Amino acid sequence: MKTVKSQFKFKGGIHPDYNKELAKDKAIVEMPCPAELVISMSQHLGAPAKCLVKAGDYVVKGQLIGEKNGFISVPVHASASGLVKTVEPRLGAAGGTAPAVVLDTTAPVPADLPTPNYQLPALDWRSATREELLKRVEEAGICGMGGAGFPTAVKLNPPPNKRCEYLILNGAECEPYLTADCRLMMERADRIRVGVEIMRKVLGGPAVRIAVEANKPEAIAALEQAFADIEGNVEIVVLPVLYPQGSEKHQIYATVGRVVPEPPALPIDVGCVVENVGTVAAIADAVEQGKILLSRVTTISGDAVAEPKNVEAPLGTKYADLVAFCGGAKEPPAKVLSGGTMMGFAVSTLAIGTTKTTSGLLLLSKQRVVQYTSQACINCGRCVRACPMNLNPAEISKAVEANDIKDAEDAHVMTCIECGACSFECPAHRAITQHCRRAKASIRARMAAERAKAAAAAQKK
């Protein structure tokens with residue numbers, strides 16, 4: 001194993017204020033289970049899980065409460081034992097609603113309860129078959145924990161005609177304020193190593209590249225120690241500090257110099273599989289210890305929170321309880337973000353429950369929030385220079401304003417990764433990223449309608 005510097009730099013990118021000093025030196029702390037959990041059936045990319053419980057049911061920790069509902073879906077488990085108060089649509093961080101199980105964890109335990117909790121039997125990954133390991137990843141409910149939430153068992157099982165040549169571990173964590181992945185690498189590098197060994201076996205022995213930005217020297221040192229004697233082609237690749245270095249496509253280029261074509265192309269089309277370091281550690285725990293994914297590490301930070309922390313909390317923990325565990329707010333926050341300041345979502349309530357993709361919760365004071373009015377494009381080109389996807393964001397934005405979604409589509413808006421670099425650089429404060437999201441949503445709705453129409457026509461024949 002060796003440590004190298006990245007030889008490749010992608011076009012564009014920006015340097016926002018990272019503000020990681022608020023939480024980067026705070027060790028991970030485990031939060032006690034709160035009195036109520038809101039466990040969403042949509043904690044992943046794809047179809048929400050199918051809820052298996054109803055109001056009045058008593059569930060035990062680790063029990064399956066939502067079965068996967070399609071190929072791109074992930075099962076959901078009870079993060080704690082308790083009484084199901086209700087199953088109802090609840091607001092998520094991105095603004096949509098999904099069925100959620102509201103769990104009272106203080107309810108008395110039934111006398112006839114067969115077991116206090118449930119977990120899977122431990123596996124010896126060295127002797128287990130590839131199929132057994134894939135099944136374990138799926139039944140443990142593991143999905144990508146870096147943001148998108150793609151089902152991990154699907155990603156680790158590429159089509160027979162696709163071969164994984166590089167397994168890339170995403171430890172960049174380029175979002176401002178967020179330090180959960182950094183602390184995980186510092187404190188649980190040994191679990192990440194076991195996860196790598198398991199994934200290498202599943203994927204047929206690819207080369208391994210661990211991508212970490214240069215502003216995380218402590219994490220790099222911990223990984224070097226944990227991987228010192230690992231066999232095979234393994235490298236820690238130190239990336240320059242540049243947002244969005246954690247983007248899957250840009251990380252592939254920065255580590256191995258390969259370019260993923262436009263959608264629908266995927267990383268496996270260029271021989272790569274990328275997984276977040278948190279996901280890798282979860283795989284190790286699921287296989288070796290039989291742990292179902294019931295909690296995750298989340299950064300609670302911002303200048304308006306009393307005690308910024310990196311907290312491991314049960315999935316479904318309400319944002320309000322996270323804030324309370326961190327000493328509450330020093331002052332009423334002017335804005336609350338789920339995620340980082342670049343790709344996170346502003347939320348209007350702290351009643352939202354955490355999910356497998358909740359990487360951060362930020363409370364920002366009025367000193368950190370600027371009110372502005374969007375103006376007409378001045379054709380300065382700063383958004384074009386910042387865009388890491390080689391798009392013309394100004395052209396797309398103006399097309400969406402004119403309600404010309406076809407023109408936006410022709411300008412390759414579907415390639416946009418919604419990183420926010422264009423909006424960050426825009427001196428006219430235009431909502432370019434939001435325009436791109438609006439166009440993509442419209443295009444996806446049209447495509448879904450076309451598929452439905454085609455399916456209906458096929459049934460009539």
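Along each chain, numbering runs from 1 in the same order as the chain's sequence is written. Totals for whole chains, interfaces and linings use all residues, but because this is a predicted model, local features are given only for residues with pLDDT of at least 70 and pairs of side-chain atoms are given and counted only at 80 or more. Working from all heavy atoms in the structure, the side-chain values ignore hydrogens and water.

Peer 1: Account for the pairing of strand 12 (residues 234-239), with residues named and values stated.
Peer 2: Across the six residues that make up strand 12, a large majority, six, are buried. Burial along strand 12 is two-sided: the residues Val234, Ile236 and Val238 and Glu235, Val237 and Leu239 are all buried. A pair of strands is labelled paired if DSSP reports no fewer than 2 bridges between them. In this description a helix means any DSSP run of H or I spanning at least four residues, a strand means any run of E spanning at least two, and both kinds are numbered starting from the N terminus. With four bridges joining them, strand 1 (residues 2-5) and strand 12 adopt parallel strand pairing. Residue pairing for strand 12: Thr3 is matched across the bridge by Ile236. Crossover handedness is defined by viewing with both strands directed away from the observer: a clockwise path from the first strand over the helix to the second marks the crossover as right-handed. Following the chain from strand 11 (residues 207-213) across helix 5 (residues 217-226) to the adjacent parallel strand 12, one finds a crossover that is right-handed. Whether a residue is buried, partly exposed or exposed follows from its accessible area with a 1.4 Å probe, protein chains only, as a fraction of its type maximum: under 20%, in between, or over 50%, in that order.

Peer 1: Go over the environment of Ala221, please, and point to the residues and values.
Peer 2: If you trace the backbone, Ala221 turns up in helix 5. For Ala221, a relative accessible area of 40% corresponds to the partly exposed category. For the pair Ala221 and Met185, spaced 36 residues apart in sequence, the C-alpha to C-alpha distance is 9.4 Å.

Peer 1: I'd like a rundown of the environment of Ala449, residues and numbers included.
Peer 2: Relative to the elements of secondary structure, Ala449 occurs in helix 13 (residues 432-460). Overall, Ala449 belongs to the partly exposed group, its relative accessible area being 46%. Once the C-alpha coordinates of Ala449 and Pro264 are considered, the two residues, 185 residues apart in sequence, prove to be 19 Å apart.

Peer 1: Which residues make up the nonpolar core, and what values go with them?
Peer 2: By size, the foremost hydrophobic cluster in this structure holds 54 residues, and its most contacted members are Leu169, Ile192, Leu223 and Phe227. Within the residue set of this core, elements represented by two or more residues are helix 1 (130-139), strand 10 (166-171), helix 3 (180-187), helix 4 (189-203), strand 11, helix 5, strand 12 and helix 7 (277-288). Two residues qualify as a contact provided that any one of their heavy atoms is within 4.5 Å of a heavy atom in the partner residue. Apart from the residues within four sequence positions on either side, Leu223 is in contact with Met185, Ala189, Ile192, Ile210, Val212 and Ile236. Core analysis: the next-biggest nonpolar cluster, separate from the first, contains 20 residues, Ala411, Cys422, Ile432 and Ile443 among them. We define the nonpolar core as a collection of buried residues of types Ala, Val, Leu, Ile, Met, Phe, Trp, Tyr and Cys that are connected through side-chain atoms lying within 4.5 Å of one another.

Peer 1: Would you mind going over the side chain of Ser6 in detail, with residue names and values included?
Peer 2: When you line up the elements, Ser6 lands in the loop between strand 1 and strand 2 (28-30). Any pair of N or O atoms that falls within 3.5 Å is considered a polar contact. Within protein, one atom must be able to donate a hydrogen and the other to accept it, and sequence-neighbouring residues count only if both atoms are side-chain atoms. At 3.0 Å, the side chain of Ser6 forms a polar contact with the backbone oxygen of Phe8. Within the structure, Ser6 has its side chain in polar contact with the backbone oxygen of Ala254 (distance 2.6 Å). If we skip the residues at most four places from it in the chain, Ser6 touches Val237, Val238, Leu239, Pro240 and Ala254.

Peer 1: Account for the pairing of strand 11, naming residues and giving values.
Peer 2: Consecutive side chains along a regular strand alternate between the two faces of the sheet. Here strand 11 lies mainly inside the structure; seven of its seven residues are buried. Residue alternation in strand 11 divides its side chains into two sets, Ala207, Arg209, Ala211 and Glu213 and Val208, Ile210 and Val212, and both sets are buried. Strand direction decides the pairing type here: strand 10 and strand 11, joined by six bridges, are parallel. Note on strand 11: the bridge partner recorded for Ile168 is Arg209. Direction of pairing for strand 11 relative to strand 12: parallel, over a ladder of six bridges. By the bridge assignment for strand 12, Val212 is matched with Val238.

Peer 1: Before we move on, can you summarise the packing of aromatic side chains with the specific residues and values?
Peer 2: In summary, the pairing rule links any two rings of Phe, Tyr or Trp, Trp by its six-membered ring, whose centres are within 6.5 Å, and it sorts them by plane angle into stacked for under 30 degrees, edge-to-face for over 60 and tilted for everything else. Summed over the entire model, instances satisfying the criterion amount to one aromatic pair. Ring geometry for Phe8 against Tyr253: centres 5.5 Å apart, planes inclined by 55°, an arrangement best described as tilted. Here Tyr253 lies in helix 6 (residues 248-256) and Phe8 lies in the loop between strand 1 and strand 2, a separation of 245 residues in the sequence. Overall, the relative accessible area of 30% leaves Phe8 in the partly exposed class. With relative accessibility at 26%, the residue Tyr253 sits in the partly exposed group. Cation placement over rings: the criterion is NZ of Lys or CZ of Arg within 6 Å of the ring centroid and within 35° of the ring normal. Here Lys309 stacks its cationic end above the ring of Phe325, 4.4 Å away from the centre of that ring.

Peer 1: Give a detailed account of the pattern of salt bridges, specifying residues and quantitative values.
Peer 2: Salt bridges are defined by distance alone: a side-chain nitrogen of Lys or Arg within 4 Å of a carboxyl oxygen of Asp or Glu. Summed over all chains, the structure comprises 28 salt bridges. Residue Asp269 is joined to Lys162 by a salt bridge in which the shortest nitrogen-to-oxygen separation is 2.8 Å. Linking Asp269 in the loop between helix 6 and strand 13 (272-276) with Lys162 in the loop between helix 2 (152-155) and strand 10, this pair joins segments that are 107 residues apart in sequence. The exposure class assigned to Lys162 is partly exposed, which follows from its relative accessible area of 30%. Residue Glu165 is joined to Arg258 by a salt bridge in which the shortest nitrogen-to-oxygen separation is 3.0 Å. Note that Glu165 is positioned in the loop between helix 2 and strand 10 and Arg258 in the loop between helix 6 and strand 13, a separation of 93 residues in sequence. A relative accessible area of 32% places Glu165 in the partly exposed class. When salt bridges that share partners are traced, they join Arg193, Glu197, Arg200 and Asp229 into one network.

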